[in-house]
Each structure stands twice: as C-alpha cells, then as structure tokens.
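Fold and geometry: a report
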Amino acid sequence: MTDTIKDLWREADAVCFDVDSTVIQEEAIDEVAKFCNKGSEVQKLTSSAMSGKMDFREALSARLQIIKPSLQQIRNFIKDRPFNLTPGIKELVGLLQQKKIPVYLISGGFRGLIGPIAIELSIPLQHIHANKLKFFLNGDYAGFDEKEPTSKNGGKAEVIQMLKEKYGYTKLFMIGDGITDLEASPPADAFIGFGGNVVREEVKSKSKWYIESFQELIDTLQ
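Residues numbered from 1 in each chain as written. Predicted model: local features only at pLDDT ≥ 70, side-chain atom pairs only at ≥ 80, totals over all residues. Heavy atoms only, no water.

Any pair of aromatic rings gets described here by the distance separating the centres and the angle formed by the planes. A complete count under the given rule lists seven aromatic pairs for this structure. Ring centres 6.2 Å apart and planes at 80° place the aromatic pair Phe17 and Phe214 in the edge-to-face group. Remark: Phe214 occurs in the loop between strand S8 (209-211) and helix H12 (215-221) and Phe17 occurs in strand S1 (residues 14-17); sequence separation between them is 197 residues. Taking the relative accessible area as the measure of exposure, Phe17 reaches 0% and is therefore buried. An aromatic cluster of at least three residues, connected via ring pairs, comprises Phe17, Phe194 and Phe214. (Phe/Tyr/Trp six-rings, centres within 6.5 Å; stacked < 30°, edge-to-face > 60°. Helix = DSSP H or I, 4+ residues; strand = E, 2+ residues; numbered from the N terminus. Buried < 20%, exposed > 50% of the residue type's maximum accessible area, 1.4 Å probe, protein only.)

Right, let's talk about the pattern of salt bridges for a bit. By the definition in use, this model includes 14 salt bridges. Across the pair Glu31 and Lys34 runs a salt bridge, and its minimum N-O distance is 2.9 Å. Taken together, the residues Glu31 and Lys34, both in helix H3 (residues 28-35) and three residues apart, mark about one turn of the helix. With relative accessibility at 42%, the residue Lys34 sits in the partly exposed group. (Salt bridge = Lys/Arg side-chain N within 4 Å of Asp/Glu carboxyl O.)

Glancing now at the environment of Gln25. Turning to its location among the elements, Gln25 is positioned in the loop between helix H2 (19-23) and H3. When its relative accessible area of 38% is taken as the criterion, Gln25 is described as partly exposed. Along the backbone, Gln25 and Pro87 are 62 residues apart, and their C-alpha atoms lie at a distance of 8.8 Å. A polar contact of 3.1 Å, which involves the side chain of Gln25, links it to the backbone oxygen of Leu85. (Polar contact = N/O pair within 3.5 Å; in protein donor to acceptor, adjacent residues only side chain to side chain.)

Moving on to the packing of H3 against helix H5 (residues 56-67). Packed helices, taken two at a time, are described by the angle between their axes plus the distance between the axes. Contact pair H3 / H5: the axes reach a minimum separation of 10 Å and the direction vectors enclose 20°. With respect to their mutual orientation, H3 and H5 come out roughly parallel. H5 is crossed by H3, and the crossing has left-handed handedness. Packed against H3, whose contacting residues are Ile29, Val32 and Ala33, the element H5 presents Leu60, Arg63, Leu64 and Ile67 at the interface. When grouped by side-chain class, the residues that make up the contact of H3 with H5 number six nonpolar, no polar and one charged. (Axes fitted to C-alpha atoms, helices over the stretch in contact; angles between N-to-C directions. Parallel < 35°, antiparallel > 145°, perpendicular 65-115°, else oblique. Left-handed = near helix turned anticlockwise from the far one by under 90°. Contact = heavy atoms within 4.5 Å. Nonpolar A, V, L, I, M, F, W, Y, C, P; charged D, E, K, R; others polar.)

Here we come to the UniProt feature "active site" (unreviewed entry) in the protein chain. Mapped onto this numbering, the UniProt entry annotates "active site" (unreviewed entry) at Asp18 and Asp20. Looking at the secondary structure, you find Asp18 in the loop between S1 and H2. Note on Asp18: relative accessible area 5%, which makes it buried. In this structure Asp18 touches Val23, Ile106, Lys156, Met174, Ile175, Gly176, Asp177 and Asp181, once residues within four positions along its chain are discounted. One polar contact links Asp18 to Thr22, side chain to side chain, over a distance of 3.0 Å. (UniProt positions renumbered as here; feature names shortened; annotations may be inferred.)

We now examine the sheet that holds S1. If you walk across this open sheet you meet the six strands as S3-S2-S1-S6-S7-S8, and the pairing is parallel. Whereas interior strands pair on both sides, the edge strands pair on one side only; in this sheet they are strand S3 (128-131) and S8. Strand after strand, the sheet turns through a mean of 20° between neighbouring axes, direction not considered. Against the sheet, H5 contacts strand S2 (103-110) and S3, and its axis sits at roughly 60° relative to S2. (Pairing = 2+ DSSP bridges.)

Below, the structure is given as structure tokens:
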C-alpha cells in the first residue's frame, strides 16, 4: 500500500460505505432468509453474488423468490433481530461527521432494513442508496424496484457518479467487503477493502489499502 491513498484519505470530501458485512457484521438478506426459514438455500446464492460469479440482479431476484418476505415478516424481523454494528464503525462515522465529511450508505440490500442502522449512526436517511422491496396491498411480497441502480451490476458506481456530479466531490472514498464495492472505483476516487467480518480473497488481492479493523482508518484521521 502506498502512502498516497493514506494521504488522500486524510483529505476525503465524501465517504461511501457498503452495509452488509461492512457497517454491520451480518449479510442482511441471509438473516431475513433465516428468519423466514429459508436460510441455507439463500446463503449459497449470496456467496455466488458477492464473489461476482452471478449477475447481481439475477441473484437478488432468485433469493427473494425463495424467501418471498411479507411486509409483516420484515416488520417483525426489524423489531426482533436488530443488526450488530461492526466494532469501530460508530466512532469512525462520528469522526467523519465531526470533520464535516458527508457519509453515505450504498447497498445492494434494502432501504427498510438499513433505515434503523442509519438512524443509529446519525446518517441522514436521504444518504441511503439501496433497494426497495414492493408489497401488494395485503402485505404479500410483490418484488423489488428494478429502477434502483443498486439492484444491478455496476449500480454502486452509478450512484457514486451521480453523487460526484451533484455535489462536486473529488476525493470520494468507497469502503466495502465485496466485489461490487471494488468495482465502484472508479468513479470513486479511492477504494478501501474491508475484511473485518469476512475476507474475500479477490477483493483483498486487488485493494491498494485493505483493512480488517476500522481503527486503522480512525488512527489515520486523528
């Protein structure tokens, strides 16, 4: 790792985090699947999607077709199974906010599940870019919004490009554990691979800066 990326990190003007296995310790869709008693079937597909072996939207659609979560199940899940924040993330986000650096959550997961996480981290809800589940009037699962960029391969890059064009960021960082995060740089000006919850070898080998604890980022900023 060169010092250049560390120097750039000290001057970051926006930071985007992946959510599953980065901001939180779990993969949300796997946890929802377990909650709906469809855990093992879904986990295999998640693994394929995260390692880039399967088209993201195809994997998302296939997993949701197995789970078919109802609105009530999602509400019960949020109430009964709060996610575990990754150690250090609260301190890191707080430090970035103290420095007036905007923080975004860009996820292939679901807005409804990410909302409580954003609230816990004092991240504005409009800074969430994620997928939306759709339900019929009776609350049954009705699919997901395919217009959301994050529902497809390359979607995170699209969101980052939009943020850069809208706000003029020139030192925007993407931080995450998965191949979809790595592929979002460029347009992200730099990428930091995160292996604190799960190490994905392809991401590790291609990252200029790979960390297994957020403390390293906190220390570099202080």
